[in-house]
Amino acid sequence: MQRSSLNLNVLWPWALILVLLILFPFLLPRFYTYILAVIFVTALLAMSLNIVVGHGGLFQFHHGVFYGVGAYAFALLLMKTGLPMWLCFIVSPFIAAAVGFVIGWFCVRLTSLYFAMLQISLGSLIWAIAFRWYDLTHGDDGLHGVPIPDWISSTTGSYYFILLFVVLCLIGMYIIHRSPFGTTMQAIRDNPARCSAVGINVKRHQLTAIVIATFFAGVAGVLFVVLEHSVFPDLLFWVLSLEIFIMCLLGGWFTFAGPILGAAITVALRTFVGIYTEYWTLILGVLLILLIFFLPEGVMGFIGDKLVSRKR
Amino acid sequence: MLYVERVFKSFDGFMAVNGAELRVEKGQLVAVIGPNGAGKTTLFNLITGQLKPDRGRVVFNDEDMSQLPTHEICRRGIARSFQIANIFHRLTVFRNVQVSVLSRQRKSRNLFRSAHLMAVEESDRILGSVGLRDKADRIAGSLSHGDQRILEIAIALGNEPRMLVLDEPTAGMSPDETAATMSLIKRLAETQGLTILFCEHDMDVVFNTAQSIMVMHYGKTIIQAKPEEVRGNKDVQEAYLGGEGEDA
């Protein structure tokens, strides 16, 4: 029986990857360092979505909103108030989580498709505010030149800053994933009715999961601002939300680390295929079709299956 | 322990449960029988809160439970299994039971401890008591139908219930599996002093096992009595046993 806690065999590949990531800015041109940072932020965002989608079974179709709220909160706090940067950094994810709580509070009353529809409408409402409230958000133009402190405003500086917080968040997510709460959420994903019959308050669990997920999405939003020094309403648009959803499916939504892989694949496609054609989504679409037919559990799920069958 | 007082439930004008009554005393093994569509499953859903009665009361340990949400009823000590195997099919067998044990221990909302080290002994003991220990690391969805039904009972046991409600525990099982399941249920009732309420199609099974039998027909209670009395009752023979020509 394999019920032991963390063992070193699982840990050392991750440590190796981490060391490589720390060394990369010395080895790679600045452009690649930047792309890696984009992947980190996107991976954190996709991972946060997967807390509710893959491990919670909720169709959180408009997750981008909380990413955008975190980013806007951070940018606005920095630009309009004199608060120190670290305070803005801490507060912004909580603002995203608060919005997540309000939207989630309404949505958990519904199930599956209705949950998704209500979330898209409430989320679009927030997008409309960011898009229309010109005095505050500068609408379509977005906010530019957000004053990020010097020590993290360079590409390398922001790279390390982002890497640090993404790793911290991932560790936090992993702890939650393995906790009784995480286990219970997976049970709710499989069978909500059975869960309430064993005494679990399903809606309260789902709402908690949404708040946690939106908090981490808020962190991703803040890190986006650290990297780009700007925000625009596209961050809250439903197209982005769909893209994050695809990352989870692509990487493997029943695995823990799958969405990281999904995010890396998507960002790499957008960057490197995007150079040749603006129709890079076409390739993403074809990939998605192949995925549904051949790897229904996602890339990571497929690799996991292979590893398990080799052990047997 | 449990009194169901003249409960009614209709679906679009069809009276599925039409004033049914039921008494379960502590430590008893009680069976509900009745032809298909007699309202047995609906009655069970009313008891464990999946459905709310239109009228009537469900009283458990002197508390009216008819308006409580499902998870609250479970916390009062009633656990159940379902007619269709109702398990967490992507989780391992062990996890299936653990989720239920964690819920009873009120630890489901713990975010920061590792679940791998929690409720392990108890979950393991329950799996042992139903004979699924050697399959603990299998993914639940890959178990045979019979084993999934047993796992259902194990999940219910994880709640450490005072009363166990089993909706056709042997549905779809082979004769061998049925015999094994019924002896398991008997054993649970005897060794753990559990109060068990179940419904069943197989007449032999019911008359061999139950201490008290309630007969339902068209959503009504015809009689609730000891097996011998039920066997000799005219109304029962007419409504059920005679009508369908099943041996009793």
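These figures come from a predicted structure and were not determined experimentally.

## A few points about the overall build of chain B
Item 1. On a plain count of helices and strands, chain B comes out with nine helices and ten strands.
Item 2. Against the 2.2 N^0.38 benchmark of 18 Å for 248 residues, chain B shows a C-alpha radius of gyration of 18 Å, consistent with a compact globule.
Item 3. Counting only C-alpha atoms, chain B reaches 60 × 40 × 35 Å along its principal axes.
Item 4. Evaluated residue by residue, chain B yields a buried proportion of 46% over its 248 residues.
Item 5. Across chain B, every contact between residues at least 6 apart in sequence was considered, and the portion connecting residues at least 24 apart equals 66%.

## Description of the overall build of chain A
Item 1. Looking only at helices and strands, one finds 14 helices and zero strands in chain A.
Item 2. In chain A, the succession of helices and strands from N to C terminus is α-α-α-α-α-α-α-α-α-α-α-α-α-α.
Item 3. Relative to a compact globule of 312 residues, whose C-alpha radius of gyration would be 20 Å, chain A shows 19 Å and is just as compact.
Item 4. A principal-axis box enclosing the C-alpha atoms of chain A has dimensions of 55 × 50 × 40 Å.
Item 5. Taking all 312 residues of chain A together, the buried fraction comes to 48%.
Item 6. Sequence separation of at least 24 residues holds for 77% of the intrachain contacts in chain A that already meet a minimum separation of 6.

## What about unusual backbone geometry?
Item 1. Not every positive phi belongs to a glycine, and H138(A) is a case in point at roughly 55°.
Item 2. Note on placement: H138(A) falls in the loop between α6 (134-137) and α7 (155-178).
Item 3. Of note in this structure, E168(B) is not a glycine but carries a positive phi near 45°.
Item 4. Mapped onto the fold, E168(B) is located in the loop between β7 (163-167) and α6 (175-191).
Item 5. Given 21 C-beta atoms within a 10 Å radius, E168(B) is considered buried.

## Looking at the sheet that holds strand β4 (residues 55-60) of chain B
Residue and element names in this part refer to chain B.
Item 1. Here four strands make up an open sheet; going across it, the order is β2-β1-β4-β5 and the pairing antiparallel. Edge positions in the sheet fall to β2 (14-24) and β5 (63-64), since each of these pairs with one other strand and no more.
Item 2. Examined bridge by bridge, strand β1 (residues 2-11) and β2 share eight bridges and lie antiparallel to one another. Opposite L2, over in β2, you have V24 as the bridge partner.
Item 3. Each of β1, β2 and β4 touches helix α1 (residues 40-48); the most contacted strand, β2, lies at about 65° to it.

## A word on the packing of helix α4 (residues 85-107) of chain A against helix α10 (residues 202-228) of chain A
All names here are of chain A.
Item 1. In contact at an axis separation of 7 Å, α4 and α10 are set at 140° when each is read in the N-to-C sense. You can see that α4 and α10 cross each other, and the crossing is right-handed. The segment α4 lies against α10, with F89, S92, P93, I95, A96, A97, V99, G100, F101, G104 and W105 engaging L207, I210, V211, T214, F215, A217, G218, V219, G221 and V222.
Item 2. For the contact of α4 with α10, a count of residues per class yields 15 nonpolar, six polar and no charged.

## A word on the sheet that holds strand β9 (residues 212-217) of chain B
Residues and elements named next belong to chain B.
Item 1. Strand order across the open sheet formed by six strands is β6-β7-β8-β3-β9-β10, with mixed pairing between neighbours. At either end of the open sheet lies a strand with only one pairing partner, and these are β6 (78-81) and β10 (220-225). Pairwise comparison of adjacent strand axes, ignoring direction, gives a mean angle of 15° for this sheet.
Item 2. Sheet analysis places β7 next to strand β8 (residues 195-199), joined by five bridges and oriented parallel. Its bridge partner being in β8, M163 is matched across the sheet by T195.
Item 3. Across the sheet, α1 touches β3 (29-33), β6, β7, β8 and β9, and the angle it forms with β7 is around 150°.

## Brief notes about α1(B)
Residues and elements named next belong to chain B.
Item 1. By the criterion of burial, α1 is predominantly enclosed, with eight of the nine residues buried.
Item 2. Listed as buried for α1 are K40, T42, L43, F44, N45, L46, I47 and T48.
Item 3. Just downstream of α1, G49 is the residue with a positive phi angle, here 90°.

## Overview of the domain arrangement of chain B
Many authors give the size of an interface as the accessible area that is lost as the parts come together.
All names here are of chain B.
Item 1. Domain assignment breaks chain B into domain 1 (1-77 + 163-248) and domain 2 (86-160).
Item 2. Using only C-alpha atoms to locate each centre, domain 1 and domain 2 end up separated by 26 Å.
Item 3. Of the residues lining the interface, nine residues belong to domain 1; the matching set on domain 2 comes to eight residues.
Item 4. Going through the elements one at a time, β7 and α6 are the ones with two or more residues in the side of domain 1 that touches domain 2.
Item 5. The element that contributes the greatest number of residues to the side of domain 1 that touches domain 2 is α6, accounting for three residues.
Item 6. Partitioned by chemical class, the residues of the side of domain 1 that touches domain 2 number six nonpolar, two polar and one charged.

## So, the nonpolar core
Burial of nonpolar side chains together is a common tendency in soluble globular proteins.
All names here are of chain A.
Item 1. Membership of the largest hydrophobic core comes to 167 residues, with the highest contact counts inside it found for V41 and L44.
Item 2. By residue number, the principal contributor to this core is α10, which donates 17 residues.
Item 3. Excluding anything up to four places from it in sequence, V41 contacts I162, A220, L223, F224 and L227.

## A word on the pairing of β9(B)
All names here are of chain B.
Item 1. Counting buried positions along β9 gives six out of six residues, so the element sits mostly inside the fold.
Item 2. The alternating pattern of β9 places S212, M214 and M216 on one face and I213, V215 and H217 on the opposite face, and all of these are buried.
Item 3. Here five bridges tie β9 to β10, and the two strands are oriented antiparallel to one another. The residue bridging M216 from the neighbouring strand is T221, located in β10.
Item 4. Here β9 hands over to β10 after two residues, with Y218 in that stretch at a positive phi of 50°.

Scoring rules and cut-offs
- Residues numbered from 1 in each chain as written.
- Chains lettered and ligands numbered in written order.
- Predicted model: local features only at pLDDT ≥ 70, side-chain atom pairs only at ≥ 80, totals over all residues.
- Helix = DSSP H or I, 4+ residues; strand = E, 2+ residues; numbered from the N terminus.
- Rg over C-alpha atoms; globule rule 2.2 N^0.38 Å.
- Buried ≥ 20, exposed ≤ 12 C-beta atoms within 10 Å, placed from the backbone.
- Contact = placed C-beta atoms within 7 Å.
- Pairing = 2+ DSSP bridges.
- Axes fitted to C-alpha atoms, helices over the stretch in contact; angles between N-to-C directions.
- Left-handed = near helix turned anticlockwise from the far one by under 90°.
- Nonpolar A, V, L, I, M, F, W, Y, C, P; charged D, E, K, R; others polar.
- Domains from an automatic or database assignment.
- Core = buried A, V, L, I, M, F, W, Y, C linked by C-beta atoms within 7 Å.

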